[in-house]
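Chains, contacts and geometry: an overview
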Amino acid sequence: KFTSHGFLKNLRSTNGYFLEKFKVDQDNKYYEFWKRDSLSIELFTPKVVYQKLDYIHNNPCRKKWMLSESSLDYPYSSSKFYETGEDHFGFLSHIGEQL
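Here we summarise the structure given alongside this text. Bear in mind that the values here come from a model prediction, so they are computed numbers and not experimental data. (Residues numbered from 1 in each chain as written. Predicted model: local features only at pLDDT ≥ 70, side-chain atom pairs only at ≥ 80, totals over all residues. Heavy atoms only, no water.)

Here we come to the overall build of the protein chain. Of regular secondary structure, the protein chain possesses three helices and two strands. Going from the N terminus to the C terminus, the protein chain shows its helices and strands as α-β-β-α-α. Split into buried and exposed, the 99 residues of the protein chain put 17% on the buried side. In the protein chain, the proportion of contacts linking residues at least 24 apart, taken out of those at least 6 apart, comes to 14%. When the accessible surface of the protein chain is split by element, carbon and sulfur atoms take 54% of a total near 8700 Å². (Helix = DSSP H or I, 4+ residues; strand = E, 2+ residues; numbered from the N terminus. Buried < 20%, exposed > 50% of the residue type's maximum accessible area, 1.4 Å probe, protein only. Contact = heavy atoms within 4.5 Å. Areas by Shrake-Rupley, 256 points an atom, 1.4 Å probe, with all protein chains shown as cover.)

Here it is as structure tokens:
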């Protein structure tokens, strides 16, 4: 049976030295592998908002990643919601309602 605790224990025993480089002192995690840098961009006009939304929706389909043939088929995207109105996540709202 897979458990995150068992996985971490095995990872520590086989890769202990390597993992020490990523150890963090936080309550919600043992290790952090990605740099925390949000690269925030001010969304100062609706045009910029939709440009960034388009980028987010299409990024998984770009040659570099090719996680999906279409943004509509990528399971972790809100693209389908914007095309069809179907909210498979149960919490989405259209950005146009916020502008």
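Additional details are given in the paragraphs that follow.
Structurally, Ser 78 is set in the loop between α2 (46-58) and α3 (79-84). Judged by its relative accessible area of 18%, Ser 78 is buried. If sequence neighbours within four positions are ignored, Ser 78 has contacts with His 57, Phe 89 and Leu 92.

A full pass over the atoms with the stated rule returns three aromatic pairs. For the pair Phe 81 and Tyr 82, a centre-to-centre distance of 5.4 Å together with 85 degrees between the ring planes defines the contact as edge-to-face. Since its relative accessible area comes to 13%, Phe 81 is described here as buried. (Phe/Tyr/Trp six-rings, centres within 6.5 Å; stacked < 30°, edge-to-face > 60°.)

The end-to-end C-alpha distance of α2 is 18 Å, a good match for the 18 Å that 13 residues give at a rise of 1.5 Å each. Regarding α2, the residues found buried are Val 48, Val 49, Leu 53 and His 57. In this fold, the buried residues of α2 make contact with α3. (Expected span 1.5 Å × (residues − 1).)

A separate point is the pattern of salt bridges. Within this structure, the stated rule accounts for one salt bridge. Glu 32 serves as the salt-bridge partner of Lys 29, at 2.7 Å between the closest nitrogen and oxygen. By relative accessible area, which is 24% here, Lys 29 ends up partly exposed. (Salt bridge = Lys/Arg side-chain N within 4 Å of Asp/Glu carboxyl O.)

Shape is all these values report; function is a separate question.
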